[in-house]
Amino acid sequence: MTDLRSGLGEAVSAAFASIGLPAEWGRVAASDRPDLADFQCNGAMAAGKAGKGNPRQIAQQAADRLIGHPLVAGVEVAGPGFINLRVSQAALTERMNRLAADARSGASRVKAPRRVIVDYGGPNVAKEMHVGHLRASIIGEAVKRLFRFRGDEVKGDAHFGDWGFQMGLLIVACGDEDSEISALIESADPDPAGEAILDRVSLADLDRLYPAAAAKAKTDDTYRDRARRATAELQAGKPGYQLLWRHFARVTREALARDFHALGIDFDLWRGESDVDPLIEPMVGDLADKHLLIDDAGARIVRVAKNDDRRGVPPLLVVSSEGSAMYGTTDLATILDRKELFDPELALYVVDQRQADHFETVFRAAYLAGYAAPGSLEHIGFGTMNGPDGKPFKTRTGGVLKLRDLIDMVTEKARERLHAADLGAELPAEEFEATALKVGVATLKFADLINFRGTSYVFDLDRFSSFEGKTGPYLLYQAVRVKSLLRKAAEGGASGGQIRIAEPAERDLALALDDFDRVLIEAYERRAPNLVADHAYRLAQIFSRFYAGCPVLAAPNEATRASRLAIAKLTLDQLELALDLLGIATPERM
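These numbers come from a predicted model, not from an experiment.

Criteria and cut-off values
Residues numbered from 1 in each chain as written. Predicted model: local features only at pLDDT ≥ 70, side-chain atom pairs only at ≥ 80, totals over all residues. Heavy atoms only, no water. Helix = DSSP H or I, 4+ residues; strand = E, 2+ residues; numbered from the N terminus. Buried < 20%, exposed > 50% of the residue type's maximum accessible area, 1.4 Å probe, protein only. Areas by Shrake-Rupley, 256 points an atom, 1.4 Å probe, with all protein chains shown as cover. Expected span 1.5 Å × (residues − 1). Pairing = 2+ DSSP bridges. Axes fitted to C-alpha atoms, helices over the stretch in contact; angles between N-to-C directions. Parallel < 35°, antiparallel > 145°, perpendicular 65-115°, else oblique. Contact = heavy atoms within 4.5 Å. Nonpolar A, V, L, I, M, F, W, Y, C, P; charged D, E, K, R; others polar. Phe/Tyr/Trp six-rings, centres within 6.5 Å; stacked < 30°, edge-to-face > 60°. Lys NZ or Arg CZ within 6 Å of the ring centre and 35° of its normal. Salt bridge = Lys/Arg side-chain N within 4 Å of Asp/Glu carboxyl O. Lys, Arg positive; Asp, Glu negative; His and termini not counted. Polar contact = N/O pair within 3.5 Å; in protein donor to acceptor, adjacent residues only side chain to side chain. Core = buried A, V, L, I, M, F, W, Y, C linked by side-chain atoms within 4.5 Å.

Whenever I open this one, the overall build of the protein chain confuses me. Can you help?
Scanning the protein chain for helices and strands turns up 22 helices and 13 strands. Its C-alpha atoms give the protein chain principal-axis dimensions of about 85 × 65 × 40 Å. Classification of the 590 residues of the protein chain by burial places 53% in the buried group. Accessible surface, the protein chain as shown: approximately 26,500 Å² in total, 49% of it carbon and sulfur.

What should I look at first to understand helix H1 (residues 4-18) in this one?
Quick reminder: α-helices carry 3.6 residues per turn. Residues three or four places apart thus point the same way. The end-to-end C-alpha distance of H1 is 21 Å, a good match for the 21 Å that 15 residues give at a rise of 1.5 Å each. All of the buried residues in H1 are Leu4, Arg5, Gly7, Leu8, Gly9, Ala11, Val12, Ser13, Ala15 and Phe16. Count one or two residues on from H1 and you reach glycine 20, which has phi positive near 80 degrees.

Looking at this structure, I do not really get the sheet that holds strand E9 (residues 316-319). What am I missing?
Pairing is antiparallel across the open sheet formed by three strands, whose spatial order is E7-E8-E9. Two strands close off the open sheet at either side, each with one partner strand: strand E7 (293-296) and E9. Ignoring strand direction, the axes of neighbouring strands in this sheet form an average angle of 45 degrees. Across four bridges, E7 lies against strand E8 (residues 299-302) in antiparallel orientation. Note on E8: the bridge partner recorded for aspartate 296 is alanine 299.

Is there a simple way to explain the packing of helix H5 (residues 134-149) against helix H22 (residues 558-581) in this structure?
Relative orientation and spacing of two packed helices are given, respectively, by the angle between their axes and the distance between those axes. With their axes 8 Å apart at the nearest point, H5 and H22 run at an angle of 125 degrees to one another. By the angle between their axes, H5 is oblique relative to H22. From H5, Ala142, Arg145, Leu146 and Phe149 reach across to H22, where they touch Leu577, Asp580 and Leu581. Residues belonging to the contact of H5 with H22 are distributed by class as follows: five nonpolar, no polar and two charged.

What is the right way to look at the packing of aromatic side chains in this model?
We describe a pair of aromatic rings using the distance from one ring centre to the other and the angle between the two ring planes. Under the counting rule described, the total for this entry stands at 15 aromatic pairs. With 5.1 Å between their ring centres and 70 degrees between their planes, tryptophan 163 and tryptophan 245 make a pair best called edge-to-face. A residue pair is termed long-range when its members are at least 10 positions apart, and tryptophan 163 in the loop between strand E6 (153-157) and helix H6 (165-177) and tryptophan 245 in helix H11 (residues 239-262) qualify at 82 residues. As far as burial versus exposure is concerned, tryptophan 163 and tryptophan 245 are alike and both buried. Ring pairs connect the aromatic residues Tyr120, Phe160, Phe260, Phe267 and Trp270, which therefore count as one cluster. In this structure, arginine 104 is placed above the aromatic ring of phenylalanine 149, and the distance from its NZ or CZ to the ring centre is 4.0 Å. Its end group placed over the ring of tyrosine 524, arginine 150 keeps NZ or CZ at 5.0 Å from the ring centre.

Can you walk me through the pattern of salt bridges in this structure?
Side chains carrying opposite charge are able to pair once their charged atoms draw close together. Scanning all chains against the criterion turns up 50 salt bridges. Note that arginine 208 and glutamate 177 form a salt bridge whose closest N and O atoms lie 3.0 Å from each other. Note that arginine 208 is positioned in helix H9 (residues 203-219) and glutamate 177 in helix H6, a separation of 31 residues in sequence. Residue arginine 208 is classed as partly exposed on the basis of its relative accessible area, which comes to 43%. Here arginine 354 makes a salt bridge to aspartate 352, at a shortest N to O gap of 2.5 Å. A relative accessible area of 65% means that arginine 354 is categorised as exposed. Each of Arg5, Asp515, Arg518, Glu522, Arg526 and Arg538 takes part in a single network of salt bridges with overlapping partners.

What should I look at first to understand the environment of alanine 510 in this one?
The residue alanine 510 is located in helix H19 (residues 504-514) in this model. Classification of alanine 510 by relative accessible area gives buried; the value is 0%.

I tried to follow the side chain of arginine 150 on my own but got confused; where do I start?
Looking at the element boundaries, arginine 150 is found in the loop between H5 and E6. Despite its burial, arginine 150 pairs with no opposite charge; the closest candidate is aspartate 517, at 4.7 Å N-O. Separated by 3.1 Å, the side chains of arginine 150 and serine 108 make a polar contact. Excluding residues within four positions of it along the chain, arginine 150 makes contact with Arg104, Ser108, Arg109, Val110, Leu520, Ile521 and Tyr524.

Help me out: how do you make sense of the packing of helix H10 (residues 221-235) against H11 in this one?
With their axes 8 Å apart at the nearest point, H10 and H11 run at an angle of 95 degrees to one another. As judged from the angle between their axes, H10 and H11 are roughly perpendicular. Here Ala230, Glu233 and Leu234 of H10 come into contact with H11, specifically with Tyr241, Gln242 and Trp245. Here the contact of H10 with H11 is built from residues that sort into four nonpolar, one polar and one charged.

Mind showing me how you'd approach the sheet that holds strand E11 (residues 377-380) here?
Consider a sheet: its strands pair through backbone hydrogen bonds, and that pairing is either parallel or antiparallel. Spatial ordering of the open sheet is given by E6-E5-E10-E11, a layout of four strands whose pairing is parallel. At either margin of the open sheet sits one strand with a lone partner, and together these are E6 and E11. Across this sheet, the average inter-strand angle for adjacent strands is 20 degrees, counted without regard to direction.

What is the right way to read the nonpolar core from this model?
As a rule of thumb, nonpolar side chains are buried together in soluble globular proteins. Ranked by size, the top nonpolar core spans 168 residues in total, and within it Phe16, Leu134, Phe248, Met385, Leu406, Phe459 and Leu475 carry the most contacts. Ranked by residue count, the leading element in this core is H22, at eleven residues. Setting aside chain neighbours within four positions, we find phenylalanine 16 in contact with Leu21, Pro22, Trp25, Gly26, Cys41, Gly43, Ala44, Ile58, Ala62 and Ile83. Membership of the second largest hydrophobic core comes to 31 residues, among which are Leu332, Tyr349, Tyr371 and Leu377.

This is how it looks when you write it as structure tokens:
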């Protein structure tokens, strides 16, 4: 199903080819002056620069060949050689009726679907998620949904941090605090019935114990050495330590899954660093066999720098001078694990932009070792979420804000906004609470996703929770408004029918709806969900103008009413599709 821009582009390209010029100069874009034209082509300017003749004359020759084309209602040459195009009413009408009959609202699929892993979230065992995890989770979920919607086979992996020295610290801390736990985990053959003792240890306990244990290990060598021994014994398979470690993982994952789900974020895989630990030793051997592993001051590294690098790229530290596998080693082993598990053709790592150099090193090592095809590993970096003071978002007392607290904060603000706007007053209490959560999540997600992921942004709760302006609540309100309109129509016995585009506001709405597929393709190629967010906002704005200028239920005749109801339904479907790709759910009523 070709969109109007693509159809016009083919027509203009054919016109350029017919006068002996490259067809690619016939590229069509949205008009810089929508008051004068729907689309424009600047190819004649390129022809002039290439010495092919006078740009205005070239433009006129191409324009003459477009007269009478079924997509074109008007074509004129402006300025030094711009070709302005206006789409025919018949073409707009046909296109809208085709979109209305399409469950995907005109969105195409990739021609060659791939197996794709999206690595995002990055939660750690024994730690509640904080606001620092938010952008990775929100952006990663949107990227996963976008790739899946376009037809790729996609797995979202939380990449659970569940291994390493922090586990040893917690084992020691828990044993020191509770003698019964200490007796259980130190036993050579722990009694399975004793597992109930471990239920005393909650995520809140772990969140309390870990910072204190980490701080103590920095100043107390004896304590640090105990934690190191505990880490080694855990990784060697000590039964009691394994029992406690599994408890850490279970209580953490349950809490994380709850908080993630509240944000509309769900993972297909919860693979952890522990899953790849058995792969590390044979991998190190393989790197050595391939002569990639180099001894360096007692450590073992893989050099990844290239002769043409404009800046220094550090080597991958595989084995430390103390004999330990490093962070990058685990990431390299994870690439092998995913190859065995899913054999992805593309892996997208949605991680803070500050990790760019780390991933460049890991990816180069993977390509050198033959663990991944060149270009199949990609870092999707992002900036920081800051408070109104321009600094990383924190609590009022200056502490790190827990994600659960942030969810509660935006939900409470949503309740206040709904009451202030006199919305939701007639909803049952349970439905009101569900609506407030949806409004709160929309506040949080849209505030993030409306920005290009590579930039940092300021999260202003008062601003982004408003039902006016470029906000998530505004989009939900517009969607609910259309739902209310369609319910009223159904109650009055009215329904949608054939769409007929006639009024200027209908044309504007039709052109916006037609643009959906182009937006999704560009968002997919650039890994940029903000383009989908921007389309949703623009669509809602244009529909609002249509609604104000083109009476729907009070339309002058039945055919016009049926047409406008159909285009309202099409707008709602596309708006909800776009929001769903962003991970934002719309309520039925407000």
